[in-house]
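# Overview (structure and organization)
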Number of protein chains: 2
Amino acid sequence: MSQMVRIALDAMGGDHGPAVVVAGAELALARHPESEFLFFGNTALIEPLIAERPALKSASRCVHAEVAVRMEDKPSQALRYGRRRSSMWLAIEAVKKREADMVVSAGNTGALMAMSKFELKTLAGIERPAIAALWPTLRGESIVLDLGASIGADAEHLVDLAVMGAAMARILFGLERPTVGLLNIGVEEVKGLEPVREAGRILREAQRPDLDYVGFVEGDDIGKGTVDVVVTEGFAGNIALKTAEGTARQIAEYLRDAMNRSLAARIGYLFARSAFAQLRERMDPRRFNGGVFLGLNGIVIKSHGGTDAEGFAAAIELGYGIVRDELLAKITAALGRAEPEPRCALGGAAV
Amino acid sequence: MSQMVRIALDAMGGDHGPAVVVAGAELALARHPESEFLFFGNTALIEPLIAERPALKSASRCVHAEVAVRMEDKPSQALRYGRRRSSMWLAIEAVKKREADMVVSAGNTGALMAMSKFELKTLAGIERPAIAALWPTLRGESIVLDLGASIGADAEHLVDLAVMGAAMARILFGLERPTVGLLNIGVEEVKGLEPVREAGRILREAQRPDLDYVGFVEGDDIGKGTVDVVVTEGFAGNIALKTAEGTARQIAEYLRDAMNRSLAARIGYLFARSAFAQLRERMDPRRFNGGVFLGLNGIVIKSHGGTDAEGFAAAIELGYGIVRDELLAKITAALGRAEPEPRCALGGAAV
């Protein structure tokens, strides 16, 4: 496959702005040479950083944006001052105009979702986009969605999430018929919220060829990797994600503390150094950085705002894999609705 | 303080029944000699186990129950066959009759809640009881509720949870004015579910003397120990708890795996053995076993069904601390409603 993947980057997003975005793009380019980058932001800041990196320079273009969306603003505020002139808006617009295949931003999540919905619109029949991400498990990786884009969900929305998540799993994990579970507070059919039970009934009866619905799963099934796709409404999904992150940090802290308590432990640590390095790598949140906004007419990747170049590169690569395998066309087909325009179509608005 | 704490035990509950319940009671008695136990269940199974333990024997009484509630049954089924004759029912009834100060069961959670509500009734103004538990944090311990007793919550219910959780924190942590946070998907006031925001407004404006409301907290704040009491609706609370348990098990597995990968790592493990033992103890879920049903006219403790004697003892001890400090009277006073009868009153039904 020789076609280039064109990546729009909101260079001003995140806690560290262009420094991390440019360095992250350089790392991603080294791993995927068929990439082209479109940086949006303050060119006075971005261009010198790109100039230092010859390989990146020859694969990049810079577009000036006079405004950067602030991390702490409400979506409505960001839309007011950032419309048509912020780096975030312009980067999304590049996807809309088919000048880019995807956009990555480490900026304000709410603003990114609002602008993405505004510019790209949702897929036919999808009212509310979702955020999906890879979750490390004892069996490898699973996809969990929604991680907080929408709060509350009816049965139909949960079914849409199942279908979109399964399409993502088919692409990223190379599975024919990924297993899907609905997150609930018990595995019995009588348990939990009515929309969850109703979605379970719909999925069970549908016997879809594109996903294997296995029933309800509980919070501890996520880490076990019981299913390829865990479907939940955004409030519970976000709380699950943050709780897992908090628990991982807490245990890492306990471990550090234990290894510093005695001389014997410090000696032991030295011997087991490479084992600890391996553990650290396995638990490294940067490897799993990047949430995909699903349900939009375009691919939008949200990177964690506080990540470094390595983490930002992971977010780019997540999008790269999705674009390469034409996730959007597969989701649209799975939803049984109109096909989106092919991604190579040039010019013209998507909506 | 010389008064005895009288503990009713559902000896047939849990995956291991009397073996764990009796051994757990023996451990708890050794730590708290002012305990008296009332075992309910199949005396043919229980009495021989007690007879082997002289200290326990002199502090125990056994009451035969012909039926044991099955772990997999729905609450309605359990009520049908277990009413008035199951070990669970009779143990709860001992609290109702003031023959015991608390009841501990490792049995079917739904059945335990249904029977507890049926027999003990809820406190005035409380419609739905909650499950509260201790959660280990980087700062020590916090109380998290509701962990799954009720699904969905309006603002009033969340405020009641805050008040009940704070009363528990005052007793168990010895705090004057525990800090309380509402679990949400962002700390900004505009974020999240409407009942959560409304509960936040009520708590902020109330400026209660018995709790210090600090605002919204996120999933990762639980493990950090940002607040003494984390309040959430039961669906999200249960998912947070199970997700944290799953993450802890996953990391323990990673760690075990890493320490077995090479000879150097295994040598390191030997040196750091006591550090690992300390870590294991800190992460030991048995230490935090036991959920308290809050909002009932009586103290009911739910132990994990799969725990061992050590874990069951921890559940008993949790209840012990609560009874000693008269949690119920404090909750009732904090809710500003009628006082319950003092726990030493003998005979007569509570409702």
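Higher on the page you've got the structure.
A few points on the structure. Please read these numbers as outputs of a predicted model, since none were measured by experiment.

## Points about the overall build of chain A
- Along its length, chain A carries 14 helices and 11 strands.
- Taken against the 2.2 N^0.38 rule, which gives 20 Å for 351 residues, the C-alpha radius of gyration of chain A at 21 Å falls within 12% of a compact globule.
- Based on the C-alpha atoms only, the size of chain A along its principal axes is roughly 65 × 55 × 40 Å.
- Out of the 351 residues in chain A, the part that is buried amounts to 58%.

## Some words on the interface of chain B and chain A
- The interface of chain B with chain A comprises 53 residues on the first partner and 53 residues on the second.
- Both faces considered, chain B and chain A share a buried interface measuring about 4800 Å² in area, 73% of it formed by carbon and sulfur atoms.
- Sorting the residues of chain B by area buried against chain A places B:Ile185, B:Phe235 and B:Tyr254 first, and these three jointly supply 15% of that buried surface.
- Along the contact surface separating chain B from chain A lie 6 salt bridges.
- A:Asp257 is the salt-bridge partner of B:Arg282, the closest N and O atoms lying 2.8 Å from each other.
- Linking chain B with chain A are 12 residue pairs in polar contact (both at pLDDT 80 or more).
- No other element matches helix 10 (residues 234-259) of chain B, which puts 20 residues into the side of chain B that touches chain A.

## Quick word on the nonpolar core
- Ranked by size, the top nonpolar core spans 112 residues in total, and within it B:Leu9, B:Phe37 and B:Phe39 carry the most contacts.
- In terms of residues, this core owes the most to one element, helix 7 (residues 155-173) of chain B, which gives 12 residues.
- Among all residues touching B:Phe39, those that are not within four sequence positions of it are B:Leu9, B:Ala11, B:Val21, B:Val22, B:Ala25, B:Ile46, B:Ile50, B:Leu56, B:Ser60, B:Arg61, B:Cys62 and B:Val63.
- In this structure, A:Ile126, A:Met168, A:Val227 and A:Ile299 belong to the second largest nonpolar core, which totals 111 residues.

## As for the packing of helix 10 (residues 234-259) of chain A against helix 12 (residues 273-283) of chain B
- Two elements in contact, helix 10 of chain A and helix 12 of chain B, have axes whose closest approach is 9 Å; the angle formed by their N-to-C orientations is 150°. For the element pair helix 10 of chain A / helix 12 of chain B, the angle class is roughly antiparallel. As for how helix 10 of chain A packs across helix 12 of chain B, the hand of that crossing is right-handed. Across the interface between the two elements, A:Ile251, A:Tyr254, A:Leu255, A:Asp257, A:Ala258 and A:Met259 from helix 10 of chain A touch B:Ala275, B:Phe276, B:Gln278, B:Leu279, B:Arg282 and B:Met283 from helix 12 of chain B.

## Thoughts on the side chain of A:Asp210
Residue and element names in this part refer to chain A.
- With respect to the helices, strands and loops of the structure, Asp 210 is situated in the loop between helix 8 (194-206) and strand 8 (212-217).
- We classify Asp 210 as buried; its relative accessible area is 11%.
- Among all residues touching Asp 210, those that are not within four sequence positions of it are Val 163, Ala 166, Arg 170, Glu 176, Arg 177, Pro 178 and Ala 334.

## Thoughts on the environment of A:Gly268
- On the secondary structure map, A:Gly268 appears in helix 11 (residues 263-271).
- A:Gly268 gets classed as buried once you look at its relative accessible area, which sits at 0%.
- Residues contacting A:Gly268, with those up to four places away along its chain left out, are B:Gly268, B:Phe271 and B:Ala272.

## Looking at the sheet that holds strand 4 (residues 102-105) of chain A
Residue and element names in this part refer to chain A.
- Taken together, the 11 strands give an open sheet; going across it, the order is 3-2-1-4-11-10-5-6-9-7-8, and neighbouring strands pair in mixed fashion. Each edge of the open sheet carries a strand with a single partner, namely strand 3 (60-64) and strand 8. Strand-to-strand twist of the sheet, defined as the mean angle between neighbouring strand axes without regard to direction, takes the value 25°.
- Here strand 5 (residues 130-137) runs beside strand 10 (residues 291-294); their pairing, made up of 4 bridges, is antiparallel.

## Brief notes about the packing of aromatic side chains
- Using the criterion set out here, one finds 8 aromatic pairs over all chains in the structure.
- Look at A:Phe37 and A:Phe39: their rings are 6.2 Å apart centre to centre, the planes differ by 40°, and that puts the pair in the tilted class.
- Overall, the relative accessible area of 0% leaves A:Phe39 in the buried class.
- Ring pairs connect the aromatic residues A:Tyr269, A:Phe276, B:Tyr269 and B:Phe276, which therefore count as one cluster.
- If you follow A:Lys121 out to its NZ or CZ, it ends over the ring of A:Phe118, 5.3 Å from the centre.

## Digging into the pattern of salt bridges
Residue and element names in this part refer to chain A.
- Here the structure, examined in full by the defined rule, presents 44 salt bridges over all chains.
- The shortest N-O distance in the salt bridge between Glu 317 and Arg 31 comes to 2.7 Å. Here Glu 317, found in helix 13 (residues 309-324), pairs with Arg 31, found in helix 1 (residues 18-31); they are 286 residues apart in sequence, far enough to count as distant.
- In this structure Glu 317 comes out as partly exposed when scored by relative accessible area, which is 21%.
- Among the residues examined, Arg 31 registers a relative accessible area of 39% and is labelled partly exposed.

## Quick look at helix 12 of chain B
- Listed in full, the buried residues belonging to helix 12 of chain B are B:Ala275, B:Phe276 and B:Leu279. Taken around the axis of helix 12 of chain B, the buried residues stretch over an arc of 95°, which confines them to a single face. Among the exposed residues of helix 12 of chain B, those oriented more than 90 degrees off its buried face are B:Arg273, B:Ser274, B:Arg280 and B:Glu281.
- The secondary structure elements touched by the buried residues of helix 12 of chain B are helix 10, helix 11 and helix 12 (273-283) of chain A together with helix 10 and helix 11 (263-271) of chain B.

## Digging into the side chain of B:Asp220
- Considering the arrangement of structural elements, one finds B:Asp220 in helix 9 (residues 219-224).
- In contact with B:Asp220, other than residues within four places in its own chain, are A:Lys242, A:Thr243, A:Gly246 and A:Arg249.

## Things to note about the packing of helix 7 of chain B against helix 14 (residues 327-335) of chain B
Residues and elements named next belong to chain B.
- Viewed as axis vectors pointing N to C, helix 7 and helix 14 meet at an angle of 140°, and their least axial separation amounts to 9 Å. When the interaxial angle is binned, helix 7 and helix 14 end up oblique. Crossing of helix 7 against helix 14: the hand is right-handed. Of the residues in helix 14, those in contact with Asp 160, Val 163, Met 164, Ala 167, Met 168, Arg 170 and Ile 171 of helix 7 are Leu 327, Lys 330, Ile 331, Ala 334 and Leu 335.
- The class makeup of the residues in the contact of helix 7 with helix 14 is 9 nonpolar, no polar and 3 charged.

## What to know about the relation of the copies chain B and chain A
- Take chain B, turn it by 180°, move it 0.0 Å along the axis, and it overlays chain A with an RMSD of 0.0 Å. What the rotation and shift describe, once combined, is the action of a two-fold rotation axis. Closest to the rotation axis within chain B is the C-alpha of B:Gly268, separated from it by 1.8 Å.

## Re unusual backbone geometry
- With an omega of 0°, the peptide bond running from A:Leu145 to A:Asp146 counts as cis.
- With respect to the element layout, A:Asp146 can be found in the loop between strand 6 (140-145) and helix 7 (155-173).
- Although it is not a glycine, A:Arg84 sits at a positive phi angle of roughly 65°.
- Looking at where A:Arg84 falls in the secondary structure, it is placed in the loop between helix 4 (75-82) and helix 5 (87-96).
- Phi at B:Gln207 takes a positive value of approximately 45°, unusual for a residue other than glycine.
- Relative to the helices and strands, B:Gln207 is located in the loop between helix 8 (194-206) and strand 8 (212-217).

Conventions used here
- Residues numbered from 1 in each chain as written.
- Chains lettered and ligands numbered in written order.
- Predicted model: local features only at pLDDT ≥ 70, side-chain atom pairs only at ≥ 80, totals over all residues.
- Heavy atoms only, no water.
- Helix = DSSP H or I, 4+ residues; strand = E, 2+ residues; numbered from the N terminus.
- Rg over C-alpha atoms; globule rule 2.2 N^0.38 Å.
- Buried < 20%, exposed > 50% of the residue type's maximum accessible area, 1.4 Å probe, protein only.
- Contact = heavy atoms within 4.5 Å.
- Buried area = accessible area lost by both parts, 1.4 Å probe.
- Salt bridge = Lys/Arg side-chain N within 4 Å of Asp/Glu carboxyl O.
- Polar contact = N/O pair within 3.5 Å; in protein donor to acceptor, adjacent residues only side chain to side chain.
- Core = buried A, V, L, I, M, F, W, Y, C linked by side-chain atoms within 4.5 Å.
- Axes fitted to C-alpha atoms, helices over the stretch in contact; angles between N-to-C directions.
- Parallel < 35°, antiparallel > 145°, perpendicular 65-115°, else oblique.
- Left-handed = near helix turned anticlockwise from the far one by under 90°.
- Pairing = 2+ DSSP bridges.
- Phe/Tyr/Trp six-rings, centres within 6.5 Å; stacked < 30°, edge-to-face > 60°.
- Lys NZ or Arg CZ within 6 Å of the ring centre and 35° of its normal.
- Arc of directions from axis to C-beta.
- Nonpolar A, V, L, I, M, F, W, Y, C, P; charged D, E, K, R; others polar.
- Least-squares fit on C-alpha atoms with pLDDT ≥ 70 in both.

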